[in-house]
Amino acid sequence: MPYAHPLDDPAADPFAIAAQAAQQIAELTGVAQHDIALTLGSGWSKAADLIGETTATIPADEVIGFSSPAVVGHVGTLRSVLLPNGKRALVIGARTHYYENHGVRRVVHSVRTAAATGAKIMILTNGAGGIKETWTPGTPVLISDHINLTADSPLEGATFVDLTDLYSARLRDVARTIDASLDEGVYCQFRGPHYETPAEVQMAKAIGGHIVGMSTALEAIAARQAGMEILGMSLITNLAAGIQKTPLSHEEVIEAGRNAEATIGALLARIVVEL
Ligand code: HPA
């Protein structure tokens, strides 16, 4: 094969590859259709154990188009989980980040695959920096909207997709019936993998952002294109650069995730069954 990865071939149809991946997931899990999908970002992986009974676990690289994650702390598996309400959830623990430089097709392949498995709801989670000073590390927040600062898109050609109410107000309302104290904010996706400068954080604030991170926005666009309803949640692992006075570190982010994982996993488990 002339390309190292099937999605790298410009002539490949990413939707056909997603359909093939969904077929493989159906075969490997024995679950013909999934109802809901979750991408678990830093700090959120514990939710996979708490939302229901895992009936199958697949190493992500056994499914076409998926690759092992580049970051320690992200688990490279796909899991089929039977929820207490009888629904089937596909848990994606293998996120390809835009900063890995493999192109947007690979970034959104998991979302397109989730849609092809039948999932109508996409839950996108991440660990992120907070701009609001009232948010302490460990605070989960709902994503109300995003600002895509990657200057890229998963849409190819003249594909015009409406992004009004991209992060479903209905799903945010459901989440708040479980925890009325959940705050919300606008997520700014930067390219990364460097953290932002304090000046960039001030820019994000000035243009209406409250959360800074390196994922989610491109995935949300692909999920909308696929017709899914989207719930976005960020775990604030740190205050953004310059808002917090100490330097940022990946260790700090992972540590905040570890400290919060039981709480936010349980929260997500309670939300998922209500969606
Ligand atoms: N910026 C970008 N991504 C992040 C951050 C941050 O402050 N914290 C965790 N992921």
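Preceding this section is the structure that the text describes.
About the cut-offs
Starting from 1, residues in each chain are numbered consecutively following that chain's sequence as written. Totals for whole chains, interfaces and linings use every residue, but because this is a predicted model, local features are given only for residues with pLDDT of at least 70 and side-chain atom pairs only at 80 or more, for both listing and counting. As a rule here, side-chain values cover all heavy atoms of the structure and leave hydrogens and water aside. The salt bridge definition used is simple: a Lys or Arg side-chain nitrogen within 4 Å of an Asp or Glu carboxyl oxygen. Any residue under 20% of the maximum accessible area for its type is buried, any over 50% is exposed, and the rest in between are partly exposed; the area is computed with a 1.4 Å probe on protein chains only. Note on definitions: angles span 0 to 180 degrees between N-to-C directions of axes, and those axes are lines fitted to C-alpha atoms, for helices only across the stretch in contact. Strands are runs of DSSP state E lasting at least two residues, helices are runs of H or I lasting at least four, and both sets are numbered from the N terminus onward. Here the word oblique covers every angle except those under 35 degrees (roughly parallel), over 145 (roughly antiparallel) and from 65 to 115 (roughly perpendicular). The sense of a crossing depends on the near helix, which, turned anticlockwise from the far helix by less than a right angle, makes the crossing left-handed and, turned clockwise, makes it right-handed. Whether two residues touch is decided by their heavy atoms; if any such pair falls within 4.5 Å, the residues are in contact. Charged means Asp, Glu, Lys or Arg here, nonpolar means Ala, Val, Leu, Ile, Met, Phe, Trp, Tyr, Cys or Pro, and polar covers whatever is left, Gly included. We define proximity as follows: a residue is near a molecule or strand when any one of its heavy atoms falls within 4 Å of that partner. In the analysis that follows, any N or O atom pair within 3.5 Å is treated as a polar contact, provided that within protein one partner can donate a hydrogen and the other can accept it, and provided that, for residues neighboring in sequence, both atoms belong to side chains. Surface accessibility in these figures is a Shrake-Rupley result with a 1.4 Å probe; residues are shielded only by whichever protein chains are displayed. In this text, buried Ala, Val, Leu, Ile, Met, Phe, Trp, Tyr and Cys residues form a nonpolar core when linked through side-chain atoms within 4.5 Å.

J.: Requested: an account of the pattern of salt bridges, with residues and values cited.
T.: Across all of its chains, the model carries 11 salt bridges by this definition. Between Arg172 and Asp165 there is a salt bridge, with the nearest N and O atoms lying 3.9 Å from each other. Arg172 gets classed as buried once you look at its relative accessible area, which sits at 10%. Asp165 sits in the partly exposed class, given a relative accessible area of 44%. Sharing partners across several salt bridges, the network here consists of Asp165, Arg172, Asp173, Arg176 and Glu184.

J.: Account for the packing of helix H1 (residues 14–29) against helix H3 (residues 104–116), naming residues and giving values.
T.: Relative orientation and spacing of two packed helices are given, respectively, by the angle between their axes and the distance between those axes. Viewed as axis vectors pointing N to C, H1 and H3 meet at an angle of 55°, and their least axial separation amounts to 8 Å. Classed by the angle they form, the pair H1 and H3 counts as oblique. Here H1 and H3 pass one another in a crossing that is right-handed. Between H1, through Pro14, Phe15, Ile17, Ala18, Ala19, Ala21, Ala22 and Ile25, and H3, the contact on the second element is made entirely by Arg105, His109, Arg112, Thr113 and Ala116. Here the contact of H1 with H3 is composed, by residue class, of nine nonpolar, two polar and two charged.

J.: Now, about the site of the ligand: what can you tell me, with residues and values included?
T.: Surrounding the ligand, one finds Gly127, Ala128, Gly129, Tyr195, Glu196, Val212, Gly213, Met214, Thr237, Asn238, Leu248 and Val253. Gly127 is positioned with one of its backbone polar atoms (N or O) 3.3 Å from a nitrogen atom of the ligand. Between a nitrogen atom of the ligand and a side-chain N or O atom of Thr237, the distance comes to 3.4 Å. Burial of the ligand by the surrounding chains reaches 96%, relative to a free accessible area of 260 Å². Where the shell around the ligand is concerned, the elements lending two or more residues are strand S5 (121–130), strand S8 (211–213) and strand S9 (229–239). Per-element tally for the shell around the ligand: the top contributor is S5, with three residues.

J.: So what's going on with the nonpolar core? Which residues, and what values?
T.: Counting 35 residues, the largest nonpolar core has Leu78, Met122 and Ile211 as the members making the most contacts within it. For this core, the secondary structure elements donating two or more residues are H1, strand S4 (88–92), H3, S5, strand S6 (139–148), helix H6 (217–225) and S9. At five residues, the largest contribution of residues to this core is made by H3. Membership of the second largest hydrophobic core comes to 30 residues, among which are Leu38, Ala47, Ile264 and Leu267.

J.: How would you sum up the packing of H3 against H6? Please name residues and give values.
T.: Contact geometry for H3 and H6: axes closest at 9 Å, N-to-C directions at 50°. With respect to H6, the element H3 is oriented oblique. Read as a crossing pair, H3 and H6 show a hand that is right-handed. Mapping the contact onto sequence places Val104, Val107, Val108, Val111 and Arg112 in H3 and Leu218, Glu219, Ala222, Ala223 and Gln225 in H6. Here the contact of H3 with H6 is built from residues that sort into seven nonpolar, one polar and two charged.

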